[in-house]
Amino acid sequence: MGEELSDSTVLDTEFDIVDEIMDTVKEIEGSLGSSEKEIVQEKIGYLKFLVNDLGDALSGEYENLRRRRFITKKTK
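Just so you know, these numbers come straight off a predicted model, no measurement behind them.

**Some details on the pattern of salt bridges**
Per the stated rule, a full pass over the model turns up four salt bridges. Of the charged contacts in the structure, one is a salt bridge between Arg67 and Asp16, with a shortest N-O distance of 2.7 Å. Of this pair, Arg67 sits in strand E2 (residues 67–75) while Asp16 sits in strand E1 (residues 8–16), and the two are 51 residues apart along the sequence. Of the charged contacts, one joins Glu63 and Arg67 as a salt bridge, the two residues approaching to 3.3 Å between their closest N and O atoms. Residue class for Glu63 comes out partly exposed when judged on its relative accessible area of 36%. Linked through salt bridges whose partners overlap, the residues forming this network are Asp16, Asp19, Glu63, Arg66 and Arg67.

**As for helix H1 (residues 17–30)**
Across its 14 residues, H1 extends 20 Å between first and last C-alpha, which sits within 8% of the 20 Å expected from 1.5 Å per residue. Along H1, the residues classified as buried are Val18, Met22, Val25 and Glu29. End-on, the buried residues of H1 take up no more than an arc of 60 degrees, which puts them together on one face. Relative to its buried face, H1 has exposed residues pointing more than 90 degrees away, namely Glu27 and Gly30.

**Observations regarding the packing of H1 against helix H2 (residues 37–57)**
At a minimum axis separation of 10 Å, H1 and H2 run at an interaxial angle of 165 degrees. Here H1 is positioned roughly antiparallel relative to H2, judged by the angle of their axes. Read as a crossing pair, H1 and H2 show a hand that is left-handed. Counting all contacts with H1, which are made through Val18, Ile21, Met22, Val25, Lys26, Ile28 and Glu29, the residues of H2 involved are Gln41, Ile44, Leu47, Lys48, Val51, Asn52, Leu54 and Gly55.

**Here's the deal with a nonpolar patch on the surface**
On the surface, Tyr46, Leu47, Phe49 and Leu50 cluster together to form a nonpolar patch covering roughly 400 Å² of accessible area. Take Tyr46: it is sitting in helix H2.

**A short note on the side chain of Arg66**
You can see Arg66 is positioned in the loop between H2 and E2. In terms of polar contacts, Arg66 uses its side chain to reach the side chain of Asp16, at 3.0 Å. Filtering out sequence-adjacent residues up to four positions away, Arg66 remains in contact with Phe15, Asp16, Ile17, Val18, Asp19, Gly55 and Leu58.

**Topic: H2**
The end-to-end C-alpha separation of H2 is 29 Å, in line with the 30 Å expected for 21 residues at 1.5 Å each. On its buried side, H2 packs onto H1.

Rules behind the numbers
Residues numbered from 1 in each chain as written. Predicted model: local features only at pLDDT ≥ 70, side-chain atom pairs only at ≥ 80, totals over all residues. Heavy atoms only, no water. Salt bridge = Lys/Arg side-chain N within 4 Å of Asp/Glu carboxyl O. Helix = DSSP H or I, 4+ residues; strand = E, 2+ residues; numbered from the N terminus. Buried < 20%, exposed > 50% of the residue type's maximum accessible area, 1.4 Å probe, protein only. Expected span 1.5 Å × (residues − 1). Arc of directions from axis to C-beta. Axes fitted to C-alpha atoms, helices over the stretch in contact; angles between N-to-C directions. Parallel < 35°, antiparallel > 145°, perpendicular 65-115°, else oblique. Left-handed = near helix turned anticlockwise from the far one by under 90°. Contact = heavy atoms within 4.5 Å. Patch = residues over 30% accessible without salt bridge, like charges linked within 9 Å, V, L, I, M, F, W, Y side chains within 5 Å. Areas by Shrake-Rupley, 256 points an atom, 1.4 Å probe, with all protein chains shown as cover. Polar contact = N/O pair within 3.5 Å; in protein donor to acceptor, adjacent residues only side chain to side chain.

Written out as C-alpha cells, the structure reads:
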C-alpha cells in the first residue's frame with residue numbers, strides 16, 4: 001500500500017478488436033488435440049466466418065469502431 005508513485009508505469013495501448021479475436025481463434029485452433037479437433041474445428045470455422053463478417057461490416061467509414069484503446073497502470 002505504501003508504494004511510491006515513481007514505481008508505477010502507465011501503459012496506453014490500442015488494438016484492433018477483430019484482429020485480436022481472429023488471432024485468438026487461430027491460437028486455439030493450433031493448440032487442439034486430435035481427439036476434440038473435429039467438433040471444435042467445426043465451431044472454430046463458424047466463428048471465423050462470423051469474425052470475417054464482422055470485419056467486413058466494420059470496414060470503410062466504420063473502421064474506427066474496430067479500434068479500442070485502454071490505459072492500464074502497472075505498479076512494480
